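Summary of structural features
Okay, here's what each chain looks like letter by letter:
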Amino acid sequence: MAALAVARRAAARKCARGLASEVRTVPMIIDGKKQASQGTTFFDVHNPATGDLIARTPQCTPAELKLAANSAAEAFRSWRTTPPSSRARVMHKLEGAIRDNTDAIAKTLTEEQGKTIADAKGDIFRGLEVVEMSCGIPSMLQGETLANVANSVDVHSYRVPLGVCAGIAPFNFPAMIPLWMFPPAVTAGNTYVMKPSERVPLSSIMLAELAMDCGLPPGVLNVVHGAHDTVNFLCDNEHIRAVSFVGGNAAGAHIYERAGRNGKRAQCNLGAKNHAIILPDADPVSVVNQLVGASCGAAGQRCMAISVAIFVGKSQELIPKIAEEAAKLKVGPGNDPATDVGPLISAQAKSRVEQLIQSGVDEGAKLHLDGRQPAVPAANKDGYFVGPTIFSQVKRGMQIYDQEIFGPVLACVEASSFDEAIKFVNDNPFGNGTAVFTRSGAAARKFVDEIEAGQVGVNVPIPVPLPMFSFTGNKKSILGDLNFYGKAGVNFYTQLKTVTSAWRDDGHIEKLSTAGVGAV
């Protein structure tokens, strides 16, 4: 009977694919209008909690992609001269619109990505904070002036927009990452071509519609779809001056190299392996609660998740308690308010995480909590669920340490000293984030001074900076030297223009000189 039920569910999914014309096709947005793509290749969008097909994302045609870039280039001609305060007012309206529509966006986000409603609202809010920051961008565009650098010669500089910019977003934060990208860019005077992940495009379409409803002119923000062909177009098109990307290392390296080869700026946030060090004096209850949340929240599908915990000395006694608390988390669909851990993004992701868990067992790590095949409601039997998983006795060279798992898996490492733990973290090639748990100010200061990761938490497990700062991952976690949002983000989307002016009395006549104006 069980086999028959599985076969029926598979047949139902096949039937759903066969009736794909009844499933909504995700529209493009070009020149202020939602348009149906004429593309003939599609990417299925599944509800990760059920496996149901909910939408199809088109691969935009070359003509459609060119139309989007041309539209943005044309819109730039007037948008660049729109007063900065007027551009900021659009962001101020967008901020209110996102707040008013958070529940609706979160519902869609949970349906297409799987995360819990609470996590979806957090996804939206962290993006909203960047919209708030963008309202203050006009003051960041101010330049510098120095009078009389030579006789009656003044110099002033100011920041100007680049032109058309592009964003390539990942699946794990369907609202936050697009909001890291287009609000700072357009407020600085650029126009934008946004490519959401083909697996989670629906939230981005909602955000773009809100931006246009709030006064963003046609062509200032266009949304296109697709996979490799679209990415390559954005890296190659002559109108596009800069490309922002968040995602995996292989794709990021390709984008960084291809965009750079075509003379474009690129900022690429890549993979991570974030460590936390737990010292013996740390508060045990706080450590347990924060490590469980930081490793299992968002089903582990975030580049700032704590995936490795290094326990110094007797602090390793906390590992069984962490497994005990993690086992209490409820795994289930994100639209259930009682759910703590939602599904992974796809069946392939689920299979990969399960294989990595098995590799940990095979390679000698101690499995305290196995999240494979968690109990979920009958309606979610075809969902892509992996529950919290806790290992100890993890070593370098094990796949669960060397690879970014992107699932709710915590690898626990034992260290005999603080120095050994710090060296262990610094030896890892990634540098997105890290944290230390301690009650000692001296230990915290030592950690901050000696650790190499770009974002450091002291008793804070996921130290993502607020947008008055910038997202400052380093080492192999980023390609490019200008970070997302904050001042660094504004600098990425702008360039300096420096003006040298000589204004002298009407009767003054410059003498012929090969030394240049103002040389004396």
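Preceding this paragraph is the structure being described.
Figured I'd write up the structure that's included with this text.

Scoring rules and cut-offs
- Residues numbered from 1 in each chain as written.
- Predicted model: local features only at pLDDT ≥ 70, side-chain atom pairs only at ≥ 80, totals over all residues.
- Heavy atoms only, no water.
- Pairing = 2+ DSSP bridges.
- Helix = DSSP H or I, 4+ residues; strand = E, 2+ residues; numbered from the N terminus.
- Contact = heavy atoms within 4.5 Å.
- Axes fitted to C-alpha atoms, helices over the stretch in contact; angles between N-to-C directions.
- Phe/Tyr/Trp six-rings, centres within 6.5 Å; stacked < 30°, edge-to-face > 60°.
- Buried < 20%, exposed > 50% of the residue type's maximum accessible area, 1.4 Å probe, protein only.
- Salt bridge = Lys/Arg side-chain N within 4 Å of Asp/Glu carboxyl O.
- Parallel < 35°, antiparallel > 145°, perpendicular 65-115°, else oblique.
- Left-handed = near helix turned anticlockwise from the far one by under 90°.
- Disulfide = S-S within 2.5 Å.

Overview of the sheet that holds strand 4 (residues 42-46)
In spatial order, the strands read 1-5-4; together these three strands make up an open sheet with mixed pairing. Every interior strand has two partners, whereas the edge strands, strand 1 (24-25) and strand 4, have only one. Where strand 4 meets strand 5 (residues 53-58), five bridges bridge the pair, whose relative direction is antiparallel. Residue pairing in the sheet places F43 in a bridge with T57 of strand 5. Those strands touched by helix 4 (residues 102-113) are strand 1, strand 4 and strand 5, and its axis lies near 110 degrees from that of strand 4.

As for the packing of aromatic side chains
Applying the stated criterion across every chain yields a total of seven aromatic pairs. Ring plane angle 85 degrees and centroid distance 5.9 Å describe the contact between F171 and F406, whose orientation is recorded as edge-to-face. Of this pair, F171 sits in the loop between strand 8 (164-168) and helix 7 (176-187) while F406 sits in the loop between helix 14 (399-402) and strand 17 (409-415), and the two are 235 residues apart along the sequence. Seen from their ring centres, F492 and Y493 are 5.1 Å apart, and the 75 degrees between their planes marks the pair as edge-to-face. Classification of F492 as buried rests on a relative accessible area of 2%. By way of ring pairs, the aromatic residues W180, F471, F484 and Y485 are connected into one cluster.

Regarding the sheet that holds strand 7 (residues 153-161)
Reading across the sheet, the three strands line up as 6-7-23 and stay open at both edges, with antiparallel pairing between neighbours. Lying at the two open borders of the sheet, with one neighbouring strand each, are strand 6 (144-150) and strand 23 (494-502). Geometrically, the sheet is characterised by an average inter-axis angle of 25 degrees between neighbouring strands, direction not taken into account. The pairing of strand 7 with strand 23 spans nine bridges and is classified as antiparallel. Its bridge partner lying in strand 23, P161 is registered against T494.

Focus: the pattern of salt bridges
This model, assessed by the stated rule, comprises 25 salt bridges. The partner of K328 in a salt bridge is E325, and the shortest N-O contact between them spans 2.9 Å. Of the residues examined, K328 reaches a relative accessible area of 55% and is grouped as exposed. A single network of salt bridges, built from pairs that share partners, joins K321, E324, E325 and K328.

Here's the deal with the packing of helix 11 (residues 284-296) against helix 12 (residues 319-326)
At their nearest, the axes of helix 11 and helix 12 sit 9 Å apart, and the two run at 55 degrees to each other. Comparing their axes, helix 12 and helix 11 come out oblique. With respect to the hand of their crossing, helix 11 and helix 12 are arranged in right-handed fashion. Across from V288, L291 and V292 in helix 11, the residues of helix 12 making contact are K321, I322, E325 and A326.

Side note on the side chain of T434
Position of T434 among the secondary structure elements: in strand 19 (residues 433-437). If we ignore the near neighbours within four places in the chain, the residues touching T434 are H275, V425, F447, I451, A453, Q455, V456, G457 and P463.

Observations regarding the packing of helix 4 against helix 8 (residues 202-213)
If you want to describe how two helices pack, look at the angle between their axes and the distance between the axes. In the contact formed by helix 4 and helix 8, the axes pass within 8 Å of each other and the chain directions differ by 155 degrees. Here helix 8 runs roughly antiparallel to helix 4, going by the angle between their axes. In this structure, helix 4 contributes A104, I105, T108, L109 and E112 to the contact, and helix 8 contributes L202, S203, M206, L207 and L210.

A short note on the state of the cysteines
By the definition in use, this model includes zero disulfides. Looking at the unpaired C235, the closest cysteine sulfur is the one in C268, lying at 7.9 Å. The exposure class of C235 is buried, given its relative accessible area of 0%. A disulfide-free cysteine, C303 has its sulfur positioned 13 Å from the sulfur of C268, the nearest such atom. The class for C303 is buried, based on a relative accessible area of 18%.

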